[in-house]
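# Fold and contact review
One-letter residues, chain by chain:
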Amino acid sequence: MLGKTANGLFWMYRALERAENIARLIETGQRIALTRLGSSEDEWRSVLQTSGSLDAYETFYDEVNRDHAVDWLLRSKDNPGSVMSCISQARQNARMVRTGLTTEVWEATNAAYMVAKDSLARKVPDRDMPKVLRMLRQRAGMVRGATHGTMLRNDVYDFARIGTFLERADNTARIIDVKYYVLLPTVASVGSSIDNVQWEILLRSVSGRGGFRMAYGAQLEPRGIATFLTLDRRMPRSLAFCTSKILGNMNYLESDYGVRLQSTQMAEDLQQRFMRMSIDGVFDYGLHEYIQKVLGDIAAIGHQIEIDYRFYE
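All figures in this text were calculated on a predicted structure; none of them were measured in a lab.

Summing up its helical and strand segments, the protein chain has 15 helices and 0 strands in all. Against the globule reference of 20 Å for 313 residues, the protein chain gives a C-alpha radius of gyration of 19 Å, in line with a compact fold. Overall size of the protein chain, expressed as C-alpha extent along the three principal axes, is 55 × 50 × 35 Å. Burial statistics for the protein chain: of 313 residues in total, 52% are counted as buried. Partitioning the intrachain contacts of the protein chain with sequence separation of at least 6 by distance along the chain shows that 66% fall at a separation of at least 24.

So this is what it looks like as structure tokens:
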């Protein structure tokens, strides 16, 4: 495969996953704001921080408020990480690698772009926001479904999966970190009713509420939730699940190309060092420190993948 094609696939699927995750994050921010009294500035600042776009936002706006934050995250052309920007990027990359995609995947990607373009052509009214966010998530899911159901299990599929799960792991790690260090108003709130509400919102943001209850019961206990989102390999958005899929598809590429590249070794090191710890080990290490290290490793792996597969141009 040409390096340009591999890069296009990698970023196509990263962008689609990011668009869905930002839509989920907006919905989470709205739910969190409903649990708090007074100003919502802190809630939306935390959402912007989680998305990695707070600094850019502050170059355009003097204050953080709900309307500006939602519009920035959802449809701003000045924000390369907005939902609309990500879907546009995904479609652009899909056009570049069109010959590597099935008709169903291309049509699903193009339809996602057309729906987003129409829905986000103007500011979304509050009453329409839940419907629009749900529709955007569903469209991203349709692309994934077409990919899973129609694509050959070859290097094209491997790069698509690696892009998806790198982005998903990054998103889950950011959400866990912001819950511990930004969302709680005070240390005294830990274990309170507001804390429990926010943990439930956190699970909803990664579509994990039903799965958590099946695996751990109805009681929302922070330790169990932290385990579920970091180390539980049954949860498709957990860090352990995502890193296992990244490494699995990188091993398939290694087999196809007959060479072990540095990015594969880095992914294996991440899994060995951080995904086989116990939750006690994670808390002893420091949850914030653990998440920051995982985030750094994910970013480094993504960068190394782009370097490694330029060799095949």
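Moving on to the packing of helix H1 (residues 3-34) against helix H7 (residues 129-150). It is the contact of H1 with H7, at a shortest axis distance of 10 Å, that shows an interaxial angle of 150°. In terms of orientation, H1 and H7 fall into the roughly antiparallel class. Crossing of H1 over H7 shows left-handed handedness. Where H1 approaches H7, its residues Tyr13, Leu16, Glu17, Glu20, Ala23, Arg24, Ile26, Glu27 and Gln30 are matched on the opposing element by Met129, Leu133, Arg137, Ala140, Val143, Arg144 and Thr147. Taken together, the residues that form the contact of H1 with H7 break down as 8 nonpolar, 2 polar and 6 charged.

Further remarks concern the environment of Glu306. As for its placement among the helices and strands, Glu306 is situated in helix H15 (residues 287-308). In this view, Glu306 contacts Asn7, Phe10 and Trp11; residues no more than four positions away in its chain are not counted. Side chain to side chain, Glu306 and Trp11 meet in a polar contact 3.0 Å long.

For the rest of this paragraph, the subject is unusual backbone geometry. Its identity as a non-glycine residue notwithstanding, Ser207 has a phi of 55°, on the positive side. The topology assignment puts Ser207 in the loop between helix H9 (193-205) and helix H10 (209-216). Judged by its relative accessible area of 49%, Ser207 falls in the partly exposed class.

With that out of the way, let us pick up the pattern of salt bridges. Evaluated as defined, the whole model comprises 20 salt bridges. Arg260 is paired through a salt bridge with Glu268; the nearest N and O atoms lie 2.8 Å apart. The exposure class assigned to Arg260 is partly exposed, which follows from its relative accessible area of 34%. Overall, the relative accessible area of 25% leaves Glu268 in the partly exposed class.

Across the interface, H1 lies against H15 with an axial gap of 10 Å and an inter-helix angle of 155°. Here H15 runs roughly antiparallel to H1, going by the angle between their axes. Every residue of H15 that contacts H1 at Asn7, Phe10, Trp11 and Arg14 is listed here: Gly302, Ile305 and Glu306.

Here we take up the environment of Gly211. Take Gly211: it is sitting in helix H10. You can call Gly211 partly exposed: its relative accessible area is 32%. Sequence-wise, Gly211 and Met135 are 76 residues apart; in three dimensions their C-alpha atoms are separated by 22 Å.

Applying the stated rule across the entire model yields 13 aromatic pairs. Plain terms: the ring middles of Tyr57 and Trp72 are 6.0 Å apart, the flat faces sit at 85° to each other, and that makes the pair edge-to-face. Of this pair, Tyr57 sits in helix H3 (residues 54-60) while Trp72 is found in helix H4 (residues 66-74), placing the two residues 15 residues apart along the sequence. Side by side, Tyr57 and Trp72 carry an identical accessibility label, which is buried. For the pair Tyr257 and Tyr309, a centre-to-centre distance of 6.0 Å together with 50° between the ring planes defines the contact as tilted. One end of the pair, Tyr257, is in helix H12 (residues 239-257); the other, Tyr309, is in the segment after H15, and 52 residues separate them in sequence. For Tyr257, a relative accessible area of 22% gives the class partly exposed.

Side chains three or four residues apart in an α-helix point the same way, a direct result of the helix having 3.6 residues per turn. For H1, spanning 32 residues, the distance from its first C-alpha to its last is 47 Å, which sits close to the expected 46 Å at 1.5 Å a residue. Burial within H1 is extensive, with 23 of its 32 residues counted as buried.

In terms of nonpolar packing, the biggest core is built from 92 residues, with Leu74, Val83, Leu101, Tyr290 and Ile305 touching the most fellow members. At 12 residues, the largest contribution of residues to this core is made by H1. Setting aside residues up to four positions removed in sequence, Leu74 forms contacts with Ile26, Ser82, Val83, Met84, Leu120, Val124, Met129, Leu133 and Leu136.

Here is what the cut-offs are and how they apply
- Residues numbered from 1 in each chain as written.
- Predicted model: local features only at pLDDT ≥ 70, side-chain atom pairs only at ≥ 80, totals over all residues.
- Heavy atoms only, no water.
- Helix = DSSP H or I, 4+ residues; strand = E, 2+ residues; numbered from the N terminus.
- Rg over C-alpha atoms; globule rule 2.2 N^0.38 Å.
- Buried < 20%, exposed > 50% of the residue type's maximum accessible area, 1.4 Å probe, protein only.
- Contact = heavy atoms within 4.5 Å.
- Axes fitted to C-alpha atoms, helices over the stretch in contact; angles between N-to-C directions.
- Parallel < 35°, antiparallel > 145°, perpendicular 65-115°, else oblique.
- Left-handed = near helix turned anticlockwise from the far one by under 90°.
- Nonpolar A, V, L, I, M, F, W, Y, C, P; charged D, E, K, R; others polar.
- Polar contact = N/O pair within 3.5 Å; in protein donor to acceptor, adjacent residues only side chain to side chain.
- Salt bridge = Lys/Arg side-chain N within 4 Å of Asp/Glu carboxyl O.
- Phe/Tyr/Trp six-rings, centres within 6.5 Å; stacked < 30°, edge-to-face > 60°.
- Expected span 1.5 Å × (residues − 1).
- Core = buried A, V, L, I, M, F, W, Y, C linked by side-chain atoms within 4.5 Å.

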